[in-house]
Amino acid sequence: MNENVIEIEARHALGKSGMKELDYAFNPYLGCFHGCRYCYAIDMSPDAVRENWGTKIIVRPNIIELLEREARIYRKGVVGISTITDPYQYIEMKYRIIPAAIEILSRNGFYVTIQTKSPMVLKDIAILEKNKKNLDVGITVTSLKPEVSRMVEPYAPAPAKRLDALKKLSHSGINTWLYLGPLIQNVNDDLDGIEKIVEFCGENRIRIIYDSFQDFSGTLPYMAGTGYIRSDQRWWNSMDNNIKSICGKYGVSCTLERDEWKYELSRKYGKLF
Ligand code: SF4
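Cut-offs and rules
- Starting afresh in each chain, residues are numbered from 1 along the sequence in its written order.
- Note on the predicted model: pLDDT of at least 70 is required for a residue's local features to be given, and 80 or more for side-chain atom pairs to be given and counted; whole-chain, interface and lining totals, by contrast, use all residues.
- Helical segments are the DSSP runs of H or I of at least four residues, strand segments are the runs of E of at least two, and each set is numbered from the N terminus.
- Both definitions apply: the radius of gyration is a C-alpha atom measure, and the globule rule equals 2.2 Å times residues to the power 0.38.
- Here a residue counts as buried when 20 or more other C-beta atoms fall within 10 Å of its C-beta, as exposed when 12 or fewer do, and as partly exposed in between; the C-beta atoms come from the backbone.
- Residues are scored as being in contact if the C-beta atoms we place from backbone atoms lie within 7 Å.
- Orientation is described by axes fitted as lines to C-alpha atoms, over the contacting stretch for helices, and by angles from 0 to 180 degrees between their N-to-C directions.
- Oblique is the label for every angle not falling under 35 degrees (roughly parallel), over 145 degrees (roughly antiparallel), or within 65 to 115 degrees (roughly perpendicular).
- In this classification, Asp, Glu, Lys and Arg are treated as charged, Ala, Val, Leu, Ile, Met, Phe, Trp, Tyr, Cys and Pro as nonpolar, and every other residue, Gly included, as polar.
- In this usage, the nonpolar core is the set of buried Ala, Val, Leu, Ile, Met, Phe, Trp, Tyr and Cys residues whose C-beta atoms join them within 7 Å.
- The rule is simple: place the C-beta atom from the backbone, and if it lies within 6 Å of a molecule or strand, the residue is near it.
- Any two strands with at least two DSSP-identified bridges between them are counted as paired.

Q: Account for the overall build of the protein, with residues named and values stated.
A: For the protein, the helix and strand inventory stands at 11 helices and 11 strands. The C-alpha radius of gyration of the protein comes to 18 Å, within 12% of the 19 Å expected for a compact globule of 273 residues. Principal-axis analysis of the C-alpha atoms gives the protein an extent of 50 × 40 × 30 Å. Classification of the 273 residues of the protein by burial places 41% in the buried group. Excluding contacts between residues fewer than 6 apart, the proportion of contacts in the protein whose partners are at least 24 apart in sequence is 78%.

Q: So what's going on with the packing of helix 2 (residues 63–73) against helix 4 (residues 97–107)? Which residues, and what values?
A: Their axes nearest at 10 Å, the elements helix 2 and helix 4 cross at an angle of 5 degrees. By the angle class used here, helix 2 and helix 4 are roughly parallel. Between helix 2 and helix 4, the residues in contact are I63, I64, L67, E68 and A71 and I97, A100, A101, I104 and L105, respectively. Of the residues assigned to the contact of helix 2 with helix 4, the class counts are nine nonpolar, no polar and one charged.

Q: Now, about the nonpolar core: what can you tell me, with residues and values included?
A: If you look at the biggest cluster of nonpolar residues, it comprises 68 residues, and the most contacted ones within it are V79, A101, L105, V112, L178, V198 and I208. At six residues, helix 4 tops the list of elements feeding residues into this core.

Q: For the site of the ligand, give the residues involved together with the corresponding values.
A: Around the ligand, the structure places C32, H34, G35, C36, C39, A41, T85, D86, K117, E153 and A156. Class assignment for the residues of the shell around the ligand results in five nonpolar, three polar and three charged.

Q: Describe the sheet that holds strand 8 (residues 135–141), listing the residues and the values that go with them.
A: Here eight strands make up an open sheet; going across it, the order is 2-3-6-7-8-9-10-11 and the pairing mixed. Edge positions in the sheet fall to strand 2 (14–15) and strand 11 (254–256), since each has one partner strand and no second. Here strand 7 (residues 111–116) pairs with strand 8 via five bridges, running parallel. Considered in strand 8, the bridge of T116 is made with I139. Contacting strand 8, strand 9 (175–183) and strand 10 (207–212), helix 8 (residues 191–203) crosses the sheet at an angle of about 175 degrees to strand 9. In the packing of helix 10 (residues 233–250) onto the sheet, the strands contacted are strand 9, strand 10 and strand 11, and the crossing angle to strand 11 comes to about 160 degrees.

Q: Hey, could you go over the environment of Y95 for me, with residue numbers and the actual values?
A: Inspection of the secondary structure assignment puts Y95 in helix 3 (residues 92–95). Taking the C-alpha atoms as reference points, Y95 and E195, separated by 100 residues in sequence, lie 37 Å from one another. Among all residues touching Y95, those that are not within four sequence positions of it are V59 and P61.

Q: Could you give an account of the environment of I243, naming the residues involved and the relevant values?
A: Note that I243 resides in helix 10. A sequence separation of 63 residues divides I243 from L180, and the C-alpha atoms of the two residues are 9.9 Å apart. Excluding anything up to four places from it in sequence, I243 contacts I194, Y210 and C254.

Q: Before we move on, can you summarise unusual backbone geometry with the specific residues and values?
A: A cis amide bond links I81 with the next residue in sequence, S82, at an omega value of -5 degrees. Relative to the assigned elements, S82 resides in the loop between strand 6 (78–81) and helix 3. The amide bond that connects G181 to the next residue, P182, takes the cis arrangement and shows omega of 0 degrees. On the secondary structure map, P182 appears in strand 9. The residue N186 is not glycine, and still its phi comes out positive at about 75 degrees. In this structure, N186 sits in the loop between strand 9 and helix 8. Its identity as a non-glycine residue notwithstanding, R205 has a phi of 55 degrees, on the positive side.

Below, the structure written as structure tokens:
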């Protein structure tokens, strides 16, 4: 038994999401072995997870049983997999909750949106391709520089592997996006690096969603020592303009995360309902 993995019995599979673009959140895990220092989920995690961020998680193994029932009776909508954890952290190889969830949700008429940092998502490429009309997949890239990634997301897969996975997904006809962020002042805000990411997206027909770092209180002890500067509005206004302009140069569609709900509403609800 792995003492860093605590199994608990879930009471619900689909929860309310705080994100406007989602109707439901599906989180089989609480906490995340990728251990990103900037993760907003630190603030939302139980003490045992928060105090051991990146090394202890909670798993809800009965969540698929619950999902079978809820997917039949809940109002149809958009489900985020996962919103406060990474669905493809290494422990998913043992539990294999995500492919079952995609199948159940798709079969019952839900739209699924998946966000990860792991190329392990490719293990499910057959299921993703089969259901591609009703899902999208996003992979987060904060920086192409391995040393920056290692500093702020110490146990997450290398950026190059994430790009390879995105490319394969996009070339399989799956609706694919890259989450560029969080952008942190003095850590990953170099425009040359951002331009390389945007260029990659342009070459591979991948949309970008981007946003800045929000320094929730739980992140502060973990962010200490990264050299980050608390972002100010002038810095962000300039970043925002630069990102839009670089995306324009490479013909890449880009949306600020907090405006994503408008994009999703017109695209998904228009088609589904
Ligand atoms: S991969 Fe996502 S959920 Fe996991 S620690 Fe990093 S930001 Fe948080």
